[in-house]
Every structure is written in C-alpha cells, then in structure tokens.
Amino acid sequence: MNDEASGSTPILQMQDIRKAYGSVRVLEDVSLELGAGEVRCLAGENGSGKSTLIKVLSGVVRADAGQVRLHGRRLSSDPMAAIAAGLSVIYQDFSLFPNLSVWENIGFLRSVTCEDVFHRRGARRRLAVDTLRRMQVDIDPDTPVEMLPVASKQLVAIARALANQARIIVMDEPTTALTRSEVAHLLDIVETLKKDGVSFLFVSHKIEEVFAVCDTVTVLRDGSVVMEGPIGAFDAGRLVEAMTGRSVDSQRLPREQSPPQPPFLEVSGLGRRGEFVDVNLALRPGEIVSVVGLLGSGRTELAQTLFGYMKPDAGRIEIDGKPVAFGDQTSAIAHGIAYVPEDRLTEGLFLSQSIADNITVSSLGKSTSFGILGAAALLQRARAAVQNLRIKTPDVTPAVATLSGGNQQRVVLARWMEHDPKLLILNGPTVGVDVGSKRDIHELLVSLSRSGTSVMVVTDDIPEAIALSDRILVMVRGRITASFDAAAVDEDTLYNEVIREDRT
Ligand SMILES: Nc1ncnc2c1ncn2[C@@H]1O[C@H](COP(=O)(O)OP(=O)(O)OP(=O)(O)O)[C@@H](O)[C@H]1O
Ligand SMILES: [Mg+2]
C-alpha cells in the first residue's frame with residue numbers, strides 16, 4: 001500500500017521552527033504540513049520570513065529550534081540530504097549553470113546524488129529529454145542555458161527538480177519574470193505533477209495565482225503563522241488582510257488633472273533597429289504615463305534608450321523643448337532623468353554594502369547651500385528614505401544582502417528618489433513587492449507626481465498601470481499600438497491590446 005497517496009500522513013512536517021539573526025527574530029515557532037499532491041501557498045509581506053523558512057527546509061540555513069520531518073523521519077540540516085530525500089527548491093535566481101547546456105543542467109543533481117557513479121552522459125541526456133517531454137515543454141536540450149529566455153530557464157529548473165525525482169518542489173516567487181501565458185503554462189504543469197502526487201510549496205505575491213493553483217495556504221506575518229487553512233476558506237480581501245493586518249484598496253488612485261503645460265519630455269519617431277520603431281510620446285510635468293507590453297515588446301529597450309544606456313538610430317528626444325542626444329547615463333542624469341532598473345540584483349545594488357551607502361551612493365559629493373553633504377546628513381537622508389518607503393530593517397547600517405527580496409527592491413527605489421528627478425522612469429517598480437507595499441509605492445509615486453515630477457512606468461502589470469497612471473501606452477513588437485486614458489479603460493480591453501499580435 002502506498003501510504004503517501006492515501007493522504008493520511010503528511011509527507012512533510014515543519015515543527016516549531018525558530019530562527020533569529022542577532023536580536024532580529026525572523027521565525028517564531030512556525031509549523032507547517034504538506035500532504036502528497038498538495039499545493040500549499042506560503043503567503044506574507046516582504047520580510048515576513050518566507051524565504052528564511054524555505055532555507056531552513058532545504059538545509060541552507062540552520063534553525064535555532066524546531067525540526068523538519070520528511071515521511072515521518074527527522075531531516076538533518078544538510079542541503080544534500082534534503083535533495084536526496086526528494087526535496088527540491090527553486091530559488092528566484094534558479095541557480096542554474098549558465099554555460100552548461102539545458103540537459104547538463106537538468107541531469108546535474110542526478111549526477112551528484114545518484115549512487116551509480118557511472119550514471120553517464122548518455123543516460124543523463126536521455127533523462128533530460130524524457131523529463132522535458134513529460135512536462136510537454138519544447139526546449140532544445142543542447143542550448144546553453146544562458147541563451148534561454150527567463151521563462152525557459154524557469155522550466156529548466158523545474159525539469160531539474162523532476163529529473164531528480166523530487167516529491168516536494170518548493171518555488172520561491174516562481175512567476176515574477178513570466179508573462180501571463182507563461183504563468184498559465186507553469187500552473188498547468190503544476191496541476192499535472194500534482195496528479196502524480198508531487199507536492200508544492202509555493203511563494204507568490206500574486207493573489208490571483210494563489211487562488212488559481214493552491215489547495216491550502218499558510219500566512220506569515222512578522223515570522224509567525226497568523227492564519228492557515230484550505231484556500232476555499234478565504235477570499236482575496238481576507239487573505240490580503242491576513243498578510244498585511246489591514247485592508248488594502250485596489251481601486252484606482254485619485255488623480256488630479258495636471259494643468260496644461262508644455263511637455264518635459266517629447267519623443268518623436270524614435271527607433272532602434274530590431275528593438276522599437278517610430279515611438280512618439282510626450283510627458284508633461286506631474287504626469288504619470290505607463291508603457292505596458294510583454295517581455296520582448298521593446299518596452300525595456302525604450303526605457304533604457306531614454307536613460308542613455310543605448311543610442312537611438314532614428315528620431316529625436318527633446319527635453320524642455322530642446323533636442324538632446326544622450327551619449328550615456330551621466331548626461332541623462334544631468335538632464336534630471338532617473339531610471340529604476342528591472343533587475344535589482346545585476347543592475348542596481350551593492351549587496352555587501354550597507355543600506356545607507358546603497359541609498360546615498362549617488363548623493364555623495366552632492367552640494368547643498370551649506371556645502372557638501374556630510375556623513376551625518378547622508379545617514380539622516382538614508383533613515384528618512386527607509387521610513388518613507390517602509391523598508392523593513394532595524395537600522396540603515398546592515399548590508400543590503402540581509403534584506404528580504406522585496407525590501408531590496410525598495411532600496412533601489414529609494415536611491416533614485418534621492419536624486420529629486422524631473423523625470424523618473426521605473427521598469428517593473430513593484431516586481432516581487434507584496435500587495436500592501438505595492439499600494440504604498442503607488443501612492444508614493446502619485447505624491448511625487450503632484451510635486452511636478454514626470455513619471456514613466458514600464459510594466460506588464462495591467463492593474464498596476466490602471467491604478468496609478470494618467471495615460472497608458474501599449475507596446476507590441478516594438479511599436480506603440482494604442483493609447484488609453486487610464487480612468488476610462490478596463491483590464492480586459494488593455495490585456496487584449498497587449499497580446500494582440502500574440503494571437504494572430
Ligand atoms: N542573513 C541575514 N542577516 C540578518 N537578517 C536577515 C538575514 N536573512 C534574512 N534576514 C531578515 O529576516 C527577515 C525575513 O526575511 P525573508 O527573506 O525570509 O523574507 P521574505 O518573506 O522572503 O520577504 P520577500 O517577500 O521580500 O522575499 C527580514 O527582515 C530580513 O531582513
Ligand atoms: Mg523572499
């Protein structure tokens with residue numbers, strides 16, 4: 001008899017897990033169970049302890065107290081033991097080897113944990129091909145992983161877990177980099193594997209996903225379980241309230257009509273070969289414009305061009321009515337433009353340096369009427385920013401690496417706001433940020449715009465675009481294909497516009 005399939009005993013039990021870093025208590029007596037074929041969502045605000053709990057589970061972080069049991073047996077805190085016991089964690093960066101091929105990545109763990117040391121290349125390649133087929137995924141097994149788009153990397157990471165015969169797959173924010181149709185595909189795969197009895201622990205900030213795929217949910221707040229149960233016992237409002245301890249409005253933020261002024265930025269006929277063509281747009285002071293498009297639509301390249309990362313090869317950019325040619329970011333910054341990049345880890349942060357240094361790095365040497373900003377003044381600015389953006393940390397001196405993912409994202413935001421820009425361009429400003437904080441960031445951007453800053457938001461988050469913009473431009477395959485008054489457009493109309501070319 002297969003005890004697992006009967007669902008009588010949970011296959012995974014975490015009992016009274018406790019963890020502190022110095023005086024910061026991160027997990028307090030957290031318990032959680034997972035049955036065979038169960039998909040459990042681990043929900044909670046940024047910094048509530050989700051990733052830490054997962055690291056305890058996978059043996060990367062040692063808990064101060066409590067235990068993990070797999071199939072009733074106590075699991076020692078050791079990453080290899082966890083993998084051998086059928087537990088596989090997919091971290092946000094997927095931990096793949098970029099220069100190895102798809103099949104080598106998929107077969108990698110198997111070659112480490114398999115008792116057969118002669119588990120040869122041919123066998124591992126076959127295993128990889130079979131696994132991809134089982135997932136109904138069409139990826140060339142011989143491509144180096146670094147050549148793949150993010151969505152495919154994600155699928156390779158899942159294939160690796162399966163090839164290693166994982167019975168429990170943990171995914172820490174698996175869908176942040178995926179577009180809607182890719183998310184749908186991933187969720188289909190989860191459903192299929194679930195039927196084979198594979199269990200999932202799933203971290204996501206996207207409420208609709210949680211309801212689409214999970215059977216049960218555990219909500220963490222400040223390191224404690226505040227609510228737990230079958231997903232059917234919740235509705236979206238109740239779940240968000242459990243996470244944040246307050247109710248969060250998802251309505252459009254009130255916007256005032258900005259007085260008709262000449263545009264701060266005007267772009268005409270802008271193009272870059274292979275990336276975007278004939279882009280026209282104007283941004284007035286105090287206006288918030290979103291550019292909505294799928295991954296690969298040219299949205300990021302457009303934003304980067306406006307910030308001088310790359311040069312256009314057609315068209316013109318005018319600032320305050322005068323044509324400009326940005327050779328680099330320094331000249332864009334000198335014109336009052338700031339850019340919050342999409343990928344906080346590679347483009348944004350110095351992880352080993354303090355929160356304060358990361359926030360004020362570009363204000364160093366900034367002169368005020370009193371002269372150069374001193375160390376104390378910088379520290380004070382950093383503290384104010386931490387407070388404004390509600391960055392969860394006891395102080396501004398710890399390294400950025402000690403912050404949770406969503407809080408690192410806010411540090412990037414804080415740094416650029418330090419510039420008092422005339423135009424703030426944000427690429428995916430709330431990716432990985434929890435629902436409550438997302439609202440805070442939107443409100444912050446709206447209040448920034450009230451003080452006259454132009455804001456351009458590049459996003460694929462349609463509700464986000466509607467919630468905070470005045471105008472929404474849709475970008476499809478390098479062209480602006482539609483423009484909407486954000487107050488008068490609904491999500492479905494916008495979504496259909498965004499995927500227009502995908503359907504034909
Ligand atoms: N190595 C560390 N040293 C000190 N504090 C840490 C360390 N790792 C995590 N923390 C703290 O533990 C808390 C929980 O972090 P964790 O990464 O588990 O949050 P999370 O729920 O995954 O958040 P997010 O949704 O933003 O990813 C945070 O306040 C974080 O600053
Ligand atoms: Mg996390």
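Definitions and cut-offs
Residues numbered from 1 in each chain as written. Chains lettered and ligands numbered in written order. Predicted model: local features only at pLDDT ≥ 70, side-chain atom pairs only at ≥ 80, totals over all residues. Heavy atoms only, no water. Core = buried A, V, L, I, M, F, W, Y, C linked by side-chain atoms within 4.5 Å. Buried < 20%, exposed > 50% of the residue type's maximum accessible area, 1.4 Å probe, protein only. Helix = DSSP H or I, 4+ residues; strand = E, 2+ residues; numbered from the N terminus. Phe/Tyr/Trp six-rings, centres within 6.5 Å; stacked < 30°, edge-to-face > 60°. Lys NZ or Arg CZ within 6 Å of the ring centre and 35° of its normal. Expected span 1.5 Å × (residues − 1). Arc of directions from axis to C-beta. Contact = heavy atoms within 4.5 Å. Axes fitted to C-alpha atoms, helices over the stretch in contact; angles between N-to-C directions. Parallel < 35°, antiparallel > 145°, perpendicular 65-115°, else oblique. Nonpolar A, V, L, I, M, F, W, Y, C, P; charged D, E, K, R; others polar. Near = heavy atom within 4 Å. Polar contact = N/O pair within 3.5 Å; in protein donor to acceptor, adjacent residues only side chain to side chain.

## So, the nonpolar core
Line of reasoning, step 1. Counting 60 residues, the largest nonpolar core has Leu-265, Leu-302, Leu-306, Leu-424 and Met-456 as the members making the most contacts within it.
Line of reasoning, step 2. Among the elements that take part in this core, helix H15 (residues 405-417) stands out by supplying six residues, more than any other.
Line of reasoning, step 3. Counting 48 residues, the second-largest nonpolar core is a separate cluster that includes Ala-159, Phe-200, Leu-239 and Met-243.

## Structural notes on the packing of aromatic side chains
Line of reasoning, step 1. Scanning all chains against the criterion turns up four aromatic pairs.
Line of reasoning, step 2. The interplanar angle of 85° and the centroid separation of 5.8 Å between the aromatic rings of Tyr-309 and Tyr-339 together place this pair among those described as edge-to-face. Highlighted residues: Tyr-309 in the loop between helix H10 (299-306) and strand S14 (314-319) and Tyr-339 in strand S16 (residues 337-340), separated in sequence by 30 residues.
Line of reasoning, step 3. Since its relative accessible area comes to 33%, Tyr-309 is described here as partly exposed.
Line of reasoning, step 4. Looking at Tyr-339, the relative accessible area reads 1%, which means it is buried.
Line of reasoning, step 5. These aromatic residues form a ring-pair network of at least three members: Phe-307, Tyr-309, Tyr-339 and Trp-416.
Line of reasoning, step 6. The ring of Phe-234 has Arg-238 lying over it, and the distance from NZ or CZ to the ring centre is 5.2 Å.

## Some thoughts on helix H14 (residues 375-388)
Line of reasoning, step 1. Helix length check: H14 (14 residues) gives 20 Å between terminal C-alpha atoms against 20 Å at 1.5 Å per residue, within 8%.
Line of reasoning, step 2. For H14, the set of buried residues is Leu-378, Ala-382, Ala-385 and Val-386. With its buried residues spanning 100° around the axis, H14 presents them on a single face. Exposed residues on H14 whose side chains face more than 90 degrees from its buried face are Ala-376, Gln-380, Gln-387 and Asn-388.
Line of reasoning, step 3. Where H14 is buried, its residues meet helix H13 (355-360) and H15.
Line of reasoning, step 4. Looking one or two residues beyond H14, the residue adopting positive phi is Arg-390, at roughly 50°.

## Looking at the packing of helix H6 (residues 150-163) against helix H7 (residues 180-195)
Line of reasoning, step 1. Where H6 meets H7, the closest approach of the two axes is 11 Å, and the angle between their N-to-C directions is 10°. The angle between H6 and H7 falls in the class roughly parallel. In this structure, H6 uses Ala-151, Leu-155, Ile-158 and Leu-162 to contact H7, whose residues at the interface are Glu-182, His-185, Leu-186, Ile-189 and Leu-193.
Line of reasoning, step 2. Here the residues of the contact of H6 with H7 are counted per class, giving seven nonpolar, one polar and one charged.

## Some words on the site of ligand 1
Line of reasoning, step 1. Neighbouring residues of ligand 1: 17 residues in total, closest Lys-50, Thr-52, Thr-402, Ser-404 and Gly-406.
Line of reasoning, step 2. Within the contact set of ligand 1, an oxygen atom lies 3.3 Å away from a backbone nitrogen or oxygen of Ser-48.
Line of reasoning, step 3. Contact between ligand 1 and His-205: an oxygen atom at 3.0 Å from a side-chain N or O atom of the residue.
Line of reasoning, step 4. Top contributing element to the shell around ligand 1 by residue count: helix H2 (residues 50-58), with three residues.
Line of reasoning, step 5. Its residues assigned to classes, the shell around ligand 1 shows three nonpolar, 11 polar and three charged.

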